[in-house]
Each structure stands twice: as C-alpha cells, then as structure tokens.
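# Coordinate inspection notes
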Amino acid sequence: MTIEEKIKNLERSQKEIDEKIREIDENSFLDGIIDIEKYVNSSIKIMWVLKEPYSDEKSCNWREYIEDINDGTGNLGGFAKTFTKIIYTTYGILNGKKWSEIEWIRDNPKITEVIGQIAYINIKKTPGGSVSNDTELTENYAVFRDIVMEQIKLYKPNVIIGGNTIKFLGNDLKVIYPDLKYSKYIESSDLGISSSAIDNLIVFDACHPCIRKNQEIYCNDMIINFMQISQLKENNS
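Burial runs high along strand β9 (residues 201-206): five of the six residues are buried. Pairing between strand β6 (residues 159-163) and β9: five bridges, direction parallel. Across the sheet, the residue bridging to Val159 is Ile202, located in β9. Two strands pair when backbone bridges link them, and strand β8 (residues 191-196) and β9 are joined in this way by five bridges, in the antiparallel orientation. Bridging across to β9, Ser195 finds its partner in Ile202. Taking the residues between adjacent antiparallel strands as the criterion, β8 and β9 are bridged by four residues, where Asn200 takes a positive phi near 50°.

Written out as structure tokens, the structure reads:
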C-alpha cells in the first residue's frame, strides 16, 4: 500500500469513527490523529490517551483546536498546562533528544509542530471540568470503549502514553496486544512501562501531563526509557 493510499484509508476510517462518536452522543468532542499525512509519514507513531476534554463548549472537533496550538507563536494559551509536557516529551522521542537538549518553546515555536504527528484521544469523549471523577470516567469509558479500541487498532501506534488512563484500559490493551508485558516502574515520575517486541510497541503508564511534577523528570523518564528500549531492540535484531 502506498503512502497516499494509507492516508486516504485513514481519512475515510477516521471520518467513520467521527460519525460513530456523534451517534453515541451528539455533544461529543471528535479526537484522533491531528494531521493524518504527518502521522503516516512519522517514523515513530505516538498516541496520547487522556481522560476527557476540558471545555465549556458542548461539542467540537477537538483535533482542530489542538492543531491550532501550532500557530507559529509558541503561545500555548489555555493548552499550556497540559500540552507543554506533551510537546516536549513527543519532541524528545521523535528527535532522540533529552529534555535539556530541547529549546524552549518560546524561543523556537517550531517545536510545537510535533503536535501534528500525534494521535490524541480521550477515553471520555464529552467535556468535563478541571478535576476528573474516576467513577464517571469508568462509566463513560464503558460507553466509548469500542470506539477507543477501534482507534488504537486503526492508528497502530508504536508508543502509547496514558495520562493516568492505563488503569481504565489496561485489560483491553492486553486483548489487542496479547504479548504486551510489564517491564518496570520508575518512581521519580510514578511511571509504569510495558512493551511488546512483536507489536513494536511501548506503553507508558504516566501521570496526567498537567500534574504538578517536575517537567524535566516527567519528560525525560519517558524519552530516555524509549531510547534505551529502542537501542536494546536494535542490538538484538
């Protein structure tokens, strides 16, 4: 299958998923791959799985809102609290750079362009407040579970980063990836790591990116462990 065919297939499939999401709840926020062409052409496909959209709006295309972060100014506005760590972690993984080796976004706004290369989904597709309720999230994940699983299967990520969400979908990930095995725990950022060599997949069970944890530690624990696992895989191939 050519790159062009992959892009067209993903565009069609993502549109079908959008329709399914809105059939479940017309007030849902549409999520998924931010820029399909950039995602397809990315050598490392990264999927962030967060809890719920934080917004006062009733419904929107969340992908378009997220894509607007990359407006060339480096000003993340209301997205800064969540997306600063997402951008630095994603940039580090994609470019093989530790946190200290990455320029500040305000000094080099082009760093935000990595947003276009990710898939970004919520386990609850309707908006919530600044504090999430686990009971409500569990109930809503049950509603959108089949959609979330379809998104993961369709996007075929090499890296899944759960922002305090792996506890909701851990068992379902094992259904999709039977060879996924727990690897280790990093205390400094409360990070769990699982991987599957067969599926070329690393799963980071991370805290939510807006949590008040040291940014360098949060980002580096994922960036460095991705580098180490990738290097080990390369040495064994």
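One can find Glu136 in helix α5 (residues 134-155). The spacing of Glu136 and Lys124 is twelve residues in sequence and 9.0 Å in space, taken between C-alpha atoms.

Right, let's get into the nonpolar core. Formed by 42 residues in total, the largest nonpolar core has its most connected members in Trp48 and Tyr120. Put simply, the parts of the chain that give this core at least two residues each are β3 (46-50), α3 (62-67), α4 (80-95), β5 (118-122), β6, β8, β9 and α7 (215-236). No other element matches α4, which puts seven residues into this core. Apart from residues lying up to four places away in sequence, Trp48 is in contact with Ile86, Thr89, Thr90, Ile118, Ala119, Tyr120, Ile121, Ile161, Pro209, Tyr218 and Met222.

Conventions used here
- The residue count restarts for each chain, going from 1 along the sequence in the order it is written.
- At least 70 in pLDDT is required for a residue's local features to be given in this predicted model, at least 80 for side-chain atom pairs to be given and counted, and no such filter applies to totals for whole chains, interfaces and linings, which use all residues.
- Hydrogens and waters are ignored; side-chain quantities use all the structure's heavy atoms.
- Type-normalised accessible area, obtained with a 1.4 Å probe on protein chains alone, sets the label of each residue: buried when under 20%, exposed when over 50%, and partly exposed for intermediate values.
- For the purposes of this entry, the term helix denotes a DSSP run of H or I that reaches at least four residues, the term strand denotes a run of E that reaches at least two, and both are numbered from the N terminus.
- Strands were regarded as paired on the criterion that DSSP finds at least two bridges between them.
- Throughout this description, the term nonpolar core refers to a set of buried Ala, Val, Leu, Ile, Met, Phe, Trp, Tyr and Cys residues connected via side-chain atoms within 4.5 Å.
- Contacts: residue pairs with any heavy atoms within 4.5 Å of one another.

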